[in-house]
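Here's the letter readout for the chains.
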Amino acid sequence: KQYEQFMRNNDKSITTIGFYLKPLRCILNRAILKGLLKQSQMPFGKGKYSLPKGSSKKRALTKEQVREIFKYQPKCSNEELARDIWILSFQCGGMNIGDILRLKQDNLQGDVIEFVREKTKRSSGKKVKLSYKENSKAIIDKYRTQSNNPNAYILPYLNSEMDELEQNRLKQNFTRKINTFLKKIKDELNISIPLTTYTARHSCATLLKNDKTPLHLIKDLLGHSSLKTTEIYLDSFEDEAMHEMTSVLEFN
């Protein structure tokens, strides 16, 4: 509880607190299984400490706000990179940073990007197919490495000599850098909600839903394994849609 309060005092979100405490709970459970700790010493559980639950509400940009990001004129090379990566993610179905960095030459098939999400590689292994838009092509061409090797990474950040730990560390540092400069762009554009790499995914899904795109197509684009997952993912946007729909009942 003192740790949770310490994190809150340092402006950490409930989600972040839970992110750090879940591995600790896992380690303690393993210690109990190995006889290194008594069950009575376990600080987690009924009547003891419970992990805080964050809100599942997601925030998405409006179509006009997305348009402003596309038109934004960067003030430095880092802002340009942050803007470009955000647009690439947005146009590629909210592809996360790790999957963008891991794209290889053979993932580009004409006008289609075809890849397996790192998040689902060990479970479903399902391939995701995305339309390869002109903006996406221009961004990739701007940063891509020049190689004819189909197994070469497209972007010049990862390399085949890195092990998984090094790749994950680079991805985390790269994401942190991108989000730092996305915040500067957000402030310049006076966008009221957080602008992060993850906002691209929420915004992509929401704009498609608002445009009456069939749910099964959004599911495939996001790389979800089931429609139920997609329904849960989009559920937090229902209130906004309800208020907009019922606005036609107002008469002045």
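Here we summarise the structure given alongside this text. Predicted model only: the values in this text are computed from it and were never measured. (Residues numbered from 1 in each chain as written. Predicted model: local features only at pLDDT ≥ 70, side-chain atom pairs only at ≥ 80, totals over all residues. Heavy atoms only, no water.)

Turning to the pattern of salt bridges, a few remarks are in order. Taken as a whole and assessed by the stated rule, the structure comprises 14 salt bridges. Between Lys-142 and Glu-80 there is a salt bridge, with its nearest N and O atoms 2.9 Å apart. Of the two residues, Lys-142 sits in helix α6 (residues 134-143) while Glu-80 sits in helix α4 (residues 77-91), which places them 62 residues apart along the sequence. A relative accessible area of 43% places Lys-142 in the partly exposed class. On the basis of relative accessible area, Glu-80 is assigned to the partly exposed category, the value being 29%. Residue Lys-183 pairs with Asp-187 through a salt bridge whose shortest N-O separation is 3.3 Å. With Lys-183 and Asp-187 both in helix α7 (residues 164-189), this residue pair falls four residues apart, about one helical turn. Bridged by salt links that share partners, the residues Glu-80, Arg-83, Asp-84 and Lys-142 form one connected network. (Salt bridge = Lys/Arg side-chain N within 4 Å of Asp/Glu carboxyl O. Helix = DSSP H or I, 4+ residues; strand = E, 2+ residues; numbered from the N terminus. Buried < 20%, exposed > 50% of the residue type's maximum accessible area, 1.4 Å probe, protein only.)

On to the packing of aromatic side chains. Summed over the entire model, instances satisfying the criterion amount to five aromatic pairs. Note on Phe-19 and Tyr-20: the rings are 5.6 Å apart at their centroids and 85° apart in plane angle, and the pair reads as edge-to-face. For Tyr-20, a relative accessible area of 49% gives the class partly exposed. Taking the centre distance of 6.1 Å and the plane angle of 80° together, the rings of Phe-70 and Phe-90 count as edge-to-face. Here Phe-90 lies in helix α4 and Phe-70 lies in helix α3 (residues 63-71), a separation of 20 residues in the sequence. With a relative accessible area of 25%, Phe-70 lands in the partly exposed category. Take Phe-90: its relative accessible area is 14%, and that puts it in the buried class. Grouped by ring-pair contacts, the aromatic residues Phe-70, Trp-86 and Phe-90 constitute a single cluster. Taking NZ or CZ as reference, Lys-104 lies 5.0 Å from the ring centre of Tyr-153, over its face. (Phe/Tyr/Trp six-rings, centres within 6.5 Å; stacked < 30°, edge-to-face > 60°. Lys NZ or Arg CZ within 6 Å of the ring centre and 35° of its normal.)

Glancing now at the layout of surface pockets. Estimated volume of the second largest pocket: approximately 440 Å³. Looking at the second largest pocket, it is lined by 15 residues, and the ones nearest its centre are Phe-90, Gln-91, Cys-204, Leu-207 and Leu-208. Of all the secondary-structure elements, those providing two or more residues to the lining of the second largest pocket are α3, α4 and α8 (197-210). (1 Å grid on protein atoms, 1.4 Å probe; cavity = no way out; pocket = protein on both sides within 12 Å on 5 of 7 lines; lining within 4 Å. Points joined across faces, edges and corners; volume = space filled by probe spheres on them.)

We now examine the packing of α8 against helix α9 (residues 215-222). The interhelical angle for the contact between α8 and α9, taken along N-to-C directions, is 160°, at an axis separation of 10 Å. One element, α8, and the other, α9, form an angle in the roughly antiparallel class. Between α8 and α9 the crossing geometry is right-handed. The segment α8 lies against α9, with Arg-201, Cys-204, Ala-205, Leu-208 and Lys-209 engaging Ile-218, Leu-221 and Leu-222. Taken together, the residues that form the contact of α8 with α9 break down as six nonpolar, no polar and two charged. (Axes fitted to C-alpha atoms, helices over the stretch in contact; angles between N-to-C directions. Parallel < 35°, antiparallel > 145°, perpendicular 65-115°, else oblique. Left-handed = near helix turned anticlockwise from the far one by under 90°. Contact = heavy atoms within 4.5 Å. Nonpolar A, V, L, I, M, F, W, Y, C, P; charged D, E, K, R; others polar.)

Attention now goes to the pairing of strand β3 (residues 127-131). A regular strand places its side chains so that they alternate between the two faces of the sheet. Taking every second residue as pointing to the same face, the buried face of β3 carries Val-128 and Leu-130, while none of Lys-127, Lys-129 and Ser-131 on the other face is buried. The sheet contact formed by strand β2 (residues 112-116) and β3 spans five bridges and is antiparallel. Paired with Ile-113 across the two strands is Leu-130, which belongs to β3. (Pairing = 2+ DSSP bridges.)

Attention now goes to the state of the cysteines. In the structure shown here, the tally under the stated rule is zero disulfides. This cysteine, Cys-204, is not joined by any disulfide, and Cys-92 carries the nearest cysteine sulfur, 9.1 Å off. According to the relative accessible area criterion, Cys-204 is buried, its value standing at 6%. (Disulfide = S-S within 2.5 Å.)

Let's shift gears to the nonpolar core. Membership of the largest hydrophobic core comes to 41 residues, with the highest contact counts inside it found for Leu-61, Ile-69, Trp-86, Met-95 and Ile-113. Contributions of two or more residues to this core are made by α3, α4, α5 (97-101), β2, β3, α6, α7 and α8. The leading source of residues in this core is α4, at seven residues. What Met-95 contacts, discounting residues up to four positions off in sequence, is Ser-89, Ile-100, Leu-103, Ile-113, Phe-115 and Leu-130. (Core = buried A, V, L, I, M, F, W, Y, C linked by side-chain atoms within 4.5 Å.)

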